Amino acid sequence: MFPQDRIENWAHGQGLWARVPAEDWNDWRWQMRNRIATAAQLEALMPLTAQEREGLRAAAGRLAFAVTPHFFNLIDRGNPACPVRLQVVPRAAEGVVSADESDDPVGEEKTSPVPGLVHRYPDRVMLISTDRCACYCRYCTRSRLVSAVRGGGFRPQLEAAFRYIAAHEEVRDVLVSGGDFLLLSDEKIDYVLERLRAIPHVEIVRVGSRVPVFLPQRVTPELCAVLRRRGPIWMNIHVNSPRECTRETAAALERLAFAGVALGSQSVLLRGVNDDEEALRSLVHRLLMMRVRPYYLYACDKIRGSAHFRVPVARGVELIRSLRGWTTGFAVPQFVVDAPGGGGKIPVNPDYVETFLPDGSVRLRNFRDEECRY
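Quick notes on the rules
Residues numbered from 1 in each chain as written. Predicted model: local features only at pLDDT ≥ 70, side-chain atom pairs only at ≥ 80, totals over all residues. Heavy atoms only, no water. Helix = DSSP H or I, 4+ residues; strand = E, 2+ residues; numbered from the N terminus. Buried < 20%, exposed > 50% of the residue type's maximum accessible area, 1.4 Å probe, protein only. Polar contact = N/O pair within 3.5 Å; in protein donor to acceptor, adjacent residues only side chain to side chain. Salt bridge = Lys/Arg side-chain N within 4 Å of Asp/Glu carboxyl O. Pairing = 2+ DSSP bridges. Axes fitted to C-alpha atoms, helices over the stretch in contact; angles between N-to-C directions. Right-handed = clockwise from strand over helix to strand, strands pointing away. Expected span 1.5 Å × (residues − 1). Contact = heavy atoms within 4.5 Å. Phe/Tyr/Trp six-rings, centres within 6.5 Å; stacked < 30°, edge-to-face > 60°. Lys NZ or Arg CZ within 6 Å of the ring centre and 35° of its normal.

(A) Representation of the side chain of asparagine 236. For asparagine 236, the position within the fold is in strand β5 (residues 233–237). You can call asparagine 236 buried: its relative accessible area is 15%. Looking at asparagine 236, its side chain comes within polar contact range of the side chain of glutamine 266, at 3.4 Å.

(B) Broad picture of the pattern of salt bridges. In the structure shown here, the tally under the stated rule is 30 salt bridges. For aspartate 104, the salt bridge goes to arginine 144, with nearest N and O atoms at 3.6 Å. Here aspartate 104 is found in the loop between α6 (83–88) and β1 (117–121), whereas its partner arginine 144 is found in the loop between β2 (124–128) and α7 (158–167), with 40 residues between them in sequence. Assigned by exposure class, aspartate 104 and arginine 144 land together as buried. One connected set of salt bridges, linked through shared partners, spans Asp104, Glu108, Glu109, Arg142 and Arg144.

(C) Here's a closer look at the sheet that holds strand β10 (residues 353–356). Overall, antiparallel pairing links the three strands, which are arranged β10-β11-β12 in an open sheet. Looking at which strands have only one partner, the edges of the open sheet turn out to be β10 and β12 (371–373). Adjacent strand axes in the sheet meet at a mean angle of 15° when their direction is disregarded. Where β10 and strand β11 (residues 362–365) come together, three bridges link them in antiparallel fashion. Counted as the bridge partner of valine 353 is leucine 364 from β11.

(D) A look at the pairing of strand β7 (residues 293–299). Counted residue by residue, β7 has five buried out of seven residues, so it is predominantly covered. In this sheet, β7 lies alongside strand β6 (residues 262–269) in parallel orientation, the contact comprising six bridges. Its bridge partner lying in β7, serine 267 is registered against leucine 297. Summarising the sheet, β7 and strand β8 (residues 334–339) pair through three bridges and their orientation is parallel. Residue pairing across strands places leucine 297 opposite phenylalanine 335, the latter belonging to β8. A crossover connection joins β7 to the parallel β8 through helix α13 (residues 313–323); in handedness this β-α-β unit is right-handed.

(E) How the structure looks around helix α11 (residues 247–258). The terminal C-alpha atoms of α11, which comprises twelve residues, lie 16 Å apart, in line with the 16 Å expected from a rise of 1.5 Å per residue. Taken together, the buried positions of α11 are occupied by Glu248, Thr249, Ala250, Ala252, Leu253 and Leu256. Following α11 by one or two positions, glycine 260 adopts a phi angle in the positive range, close to 90°.

(F) Region of interest: α7. Residues of α7 that are buried: Leu158, Ala160, Ala161, Phe162, Tyr164 and Ile165. Of the surrounding secondary structure, the elements contacted by the buried residues of α7 are β1, β2, β3 (173–177) and α8 (186–197).

(G) Here's a closer look at the sheet that holds strand β9 (residues 344–347). On the basis of which strands lie adjacent, the open sheet formed by nine strands has the order β1-β2-β3-β4-β5-β6-β7-β8-β9 and mixed pairing. The sheet is open, and its two borders are formed by β1 and β9, each paired with just one other strand. Neighbour-to-neighbour, the strand axes of the sheet open up by a mean angle of 30°, direction not taken into account. In terms of strand pairing, β3 meets strand β4 (residues 204–209) through four bridges, oriented parallel. Bridge pairing links valine 174 to valine 205 in β4.

(H) Fine view of the packing of aromatic side chains. Enumeration over the complete set of coordinates arrives at nine aromatic pairs. Residues tryptophan 25 and tryptophan 30 carry aromatic rings whose centres are separated by 5.9 Å and whose planes lie at 55° to one another, so their mutual orientation is tilted. When its relative accessible area of 10% is taken as the criterion, tryptophan 30 is described as buried. By the ring-pair criterion, three or more aromatic residues cluster together here, those being Trp17, Trp25, Trp30 and Phe72. Geometry around tyrosine 121 places arginine 124 over its ring, the cationic atom sitting 4.2 Å from the centre. Over the ring of tryptophan 28 we find arginine 218, and its NZ or CZ is 4.3 Å from the ring centre.

Fair warning: the whole summary comes from geometry, so function is off the table for now.
See the structure below:
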């Protein structure tokens, strides 16, 4: 299903936009201007199911629909169960809200001392830099803020955030997220990074972005020059399916790596997307081939209307067990639950310990389920 072939053979190219001049196709601003963002545009490009039509009608009140031409080309237009399609095309199931779901499932608002800044952990903060994304994931944990469909949009207070960070010397690590930070102009990105680098106690600057996957054209030499100048930068991208690993994305990640950016990936465990052993193993292998270290596999947050995406935690543990020992340990992400209400990320691992013995030794089981004693 997902052959472990070479990067140069992975899905790529202009597809439905083959007649567009290459200089336009490779311009990230052209990609943004030509996003598929309405039901009419989408239905002109592929047949929709009744569930998708209903989801698109309701999307305007929950989370905008938008897909770049690059990412749209990865959709199997004849398969409603395509793992790329499931992530970005709204479905009626988004309107089914469970009692334990909320707009802020991981409690960001209650740990936000300044609009756009979250201070949940003792030594680090998250700076929400913008409310816009290149495409909108239907399971987005921050859908209350992004895409400006809920009452005028979110406006981060960057200067107040910089003052807060400067006043709190315990903050040594800043994650810049969004929306997507890399959708800002080169000048704005440079300014934000410059301000953070000017704070003496900030040791680590991280960026969370899905741009290299949704919009690899954005990773220009000029952007890479900014990141190199303000480095070291740690960047976690977001990839969920092997289908998202394209030649263009691999090239964009290579440019980032050569600019000195340390690359990791955070994936979300999603029903029908990556909740089987073959898809997950192919995903982590392809990430390593693109210079990206698999970092986290998240249980899907309990955002409103996401029940159809969620996979039992026990299944996540089984999937991690299917990787450990059967591929390099460097390819195995940490499976985590971001605790509802703001409890933070909790690792959930397969248990390889049988028992601790009185003499200080331990009885273990390995990846082949063979017992050993240490």
